[in-house]
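Working through the structure, step by step
This is what each chain is made of:
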Amino acid sequence: MPVQPADPAVAAVPEVAEVPATPEGPDGPAGKKPGFEVRLVNFTGPFDLLLGLISKHQLDITEVALSTVTDEFIKYIRGLQRLGEEWALDEASEFLVIAATLLDLKAARLLPAGEVEDEEDIALLEARDLLFARLLQYKAFKQVAGMIGSTLELEARRFPRQVALEGHFAALLPELLWRHTPEQFAGLAEAALKPKEAAPTEVGLAHLHGTPVSVKEQAELLGNRLRLGTPLTFRALIADAESTLVVVARFLALLELFRDRAVGFDQLLPLGDLTVHWTADSHGWSSENLSEEYEDQP
Amino acid sequence: MNERLPEAPRGEAEDAGPDAGPEAGPDTGPDLASLPGGARAALEAVLMVIDEPATPTALAAGLNLTVDVVDSLLAELQREYNGYTVNAPDAVVASQTSSNTGNTDGNNAAPRGFELRNIAGGWRIYSRAEFAEIVGGFVLEGQTARLTQAALETLAVIAYRQPVSRARVSAIRGVNVDSVVRTLTQRGLIEDSGTDPESGAILYRTTSYFLERMGIGSTAELPQLSPHLPGLEGIEEFYDAGRM
Amino acid sequence: MNERLPEAPRGEAEDAGPDAGPEAGPDTGPDLASLPGGARAALEAVLMVIDEPATPTALAAGLNLTVDVVDSLLAELQREYNGYTVNAPDAVVASQTSSNTGNTDGNNAAPRGFELRNIAGGWRIYSRAEFAEIVGGFVLEGQTARLTQAALETLAVIAYRQPVSRARVSAIRGVNVDSVVRTLTQRGLIEDSGTDPESGAILYRTTSYFLERMGIGSTAELPQLSPHLPGLEGIEEFYDAGRM
């Protein structure tokens, strides 16, 4: 039976307002630290949080007073940081992107209102429209998610008849063809029990030709050269690179090394030569330290 | 209504049927009319043993009836289980439209404890929702945990944007959805539907089990998204192009 | 009589609410008399979906009725399904003795396609014996003598990790295995081996028929798997824990 959109109980989707939207609840017991932290995780993403904040202030999405919402959004992120390890990087990044956009917008508001002329202003306006468009879209999906949830619960109240076949019917089934030896069967089990590799999310690179270059390998190579102590220019470090891909990999490797505080950079003049020197003690670093993110990539 | 039965149903059933009985003898089959309760009871008997929704076509093939006859018998049984009398003059007509909601004339019996429903393209018997608490005590099956908000939102995006990649769902929800997608797959609510020719990403769609759990016939019966999405057609292409 | 119907099933279900269950009063449970069809329909609802025959005692406990009342409701339903009118004066008496042979006085309706049978002290609804041929033909339709790849893999996981719940097998295989498990059970290759004391989930193990087909004497004779394969420890069970 079709879901009736008009059905009031179904339409009354999860109240955003109900979602605890106060990062630092001045209201009541939420002010306590532990309660505060538990409540943080109730949002399922940055849009959810933003919607929560907007509806808490009873604002129309399309005309939000940004500064209040931005401040609270930032506060919320600080709270998440305090949560520490549970806070995965890829989740954080989405929050940060949105926080950055909000901050930009808030900053633009603080400047004297002028005519929208330069490109930056236009870019800001676009960023705002885009953000609100995404937010509206998310809100729509959140609402239908609420409907789906209540329909699923309603439907779970009906149990299908799903009984085992009566014996005399089961006996009619054609005799099973079974040709598997125990060894073949064990092979099936091996395959089924082997941990599955994660399916690719996006972007097949199969169509790109080119020898795979490993950032890790390049980092090791650079490390071996720099570890001796003599500073080298970037130009020198890539002099023997056989392709652009290798140059890119070495550049990324340097960034990784820099992040690990294994190297330092000097550049005397803008656009001048970049000099790289080793800063870690010579045995204190190995390419094993490199973050996993480059590992499996070609 | 019974007059419609005798006409050689075999040919018709075969046309329609999935692979209507290669081995089902030439024109044998028991004579339904001679059995107690006739075709109607035979249909009920079959409904008792199926463990997933059965299409009228499959039922017709199995019963040696035409799809039309099966359709009207199903409608008749549905009405009857809901407490209407079989012989009410408007029985067939009304049942086509007002499957479950009805409250027209013609009802004079208490509804049965079960109902016949048309879901995910097929028909199946369910216990009536009013008795959920009582029945739930006897049936362990289906007592699955509720979906979290994150899982519901992800499911919603997939339902409305299928086939769709995880990356696009992530873009809409603003968070990584990998683990939620895995759970929804394990629960049989969504499935892999091939890969995107361009990006090579796996695309996901909802399953017929999802339809069953939602009690709907197809995804076209999901409530419209547009009323919730004021004037935003085309927006997702815009930002999708930019950020992935 | 009309008063009993106006309950639009939708609205009512909502009132009761999805979580009306747990906290719906410690003592009683739903008031049967207030539900459409009353105790009789409630009993029907249960009988329609249970897989194993249920004893009157168990039914009475679940329905919050006395065993006597359940006994007479069962007899009443049995007669009714067999085509007797409910209100025939000798209804209860007759049903005790002549359950199935029928054709004495009092029957004035066509029998249904299902019947309520008392087997080894328990009651369950079956398809009516007269339709065995039709039902058998329907069941056979589309059945193959071969297991699908999905069924084989599921069987392999169960064989090497038994006793194991469906949820775990789903987690290992990454897809919902409910219908495959049903097929394997139907084929006599696996069976219920009790419930997990913690989660309450049904655990499955292979049968002696499986051993027979494999040509081995016990599961200990199955070839060893590589010791590096993960056991069940790391597999998250998604039915419990609200972690998705």
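Residues numbered from 1 in each chain as written. Chains lettered and ligands numbered in written order. Predicted model: local features only at pLDDT ≥ 70, side-chain atom pairs only at ≥ 80, totals over all residues. Heavy atoms only, no water.

Further remarks concern the sheet that holds strand β4 (residues 190-195) of chain C. Residue and element names in this part refer to chain C. Reading across from one edge, β3-β5-β4 is the order of the three strands in this open sheet, with antiparallel pairing throughout. The strands lining the two open edges of the sheet, one partner per strand, are β3 (164-165) and β4. In the sheet, β4 pairs with strand β5 (residues 202-206) via four bridges, with the strands oriented antiparallel. In the sheet register, Thr-195 faces β5, and the bridge partner there is Ile-202. Contacting β3, β4 and β5, helix α7 (residues 149-161) runs over the sheet at an angle of about 95 degrees to β5. (Pairing = 2+ DSSP bridges. Helix = DSSP H or I, 4+ residues; strand = E, 2+ residues; numbered from the N terminus. Contact = heavy atoms within 4.5 Å. Axes fitted to C-alpha atoms, helices over the stretch in contact; angles between N-to-C directions.)

The next thing to look at is the nonpolar core. Across soluble globular proteins, nonpolar side chains show a tendency to be buried alongside one another. Leu47(B), Leu59(B), Leu47(C) and Leu59(C) are the most contacted members of the largest nonpolar core, which has 65 residues in total. With eight residues, the top contributor of residues to this core is helix α2 (residues 38-49) of chain C. The contact partners of Leu59(C), leaving out residues within four places of it in the chain, are Phe138(B), Leu43(C), Val46(C), Leu47(C), Ala54(C), Val70(C) and Leu74(C). The next biggest cluster of nonpolar side chains, apart from the first, holds 34 residues, and it includes Val157(B), Val169(B), Phe210(B) and Leu222(B). (Core = buried A, V, L, I, M, F, W, Y, C linked by side-chain atoms within 4.5 Å. Buried < 20%, exposed > 50% of the residue type's maximum accessible area, 1.4 Å probe, protein only.)

Let's shift gears to the sheet that holds strand β1 (residues 232-233) of chain A. Within a sheet, adjacent strands bond to each other through the backbone by hydrogen bonds, running parallel or antiparallel. Residues and elements named next belong to chain A. Spatial ordering of the open sheet is given by β1-β3-β2, a layout of three strands whose pairing is antiparallel. Edge strands, defined here as strands with exactly one partner in the open sheet, are β1 and β2 (263-267). In terms of strand pairing, β1 meets strand β3 (residues 274-278) through two bridges, oriented antiparallel. What sits directly across from Leu-232, in β3, is Val-276. Sheet strands touched by helix α9 (residues 215-226): β1, β2 and β3. Its angle to β3, the strand with the most contacts, is close to 80 degrees. Where helix α11 (residues 244-259) meets the sheet, its contacts fall on β2 and β3, and the angle it forms with β2 comes to roughly 115 degrees.

Let us look at the confidence of the model for chain B. Residues and elements named next belong to chain B. In this model, chain B carries an average pLDDT of 76, and 69% of its residues clear a pLDDT of 70 or more. The least confident element of chain B, judged by mean pLDDT, is helix α1 (residues 9-16) at 38; the most confident is strand β5 (residues 202-206) at 95. Complex prediction metrics read pTM 0.67 and ipTM 0.73. (pLDDT = per-residue confidence, 0-100.)

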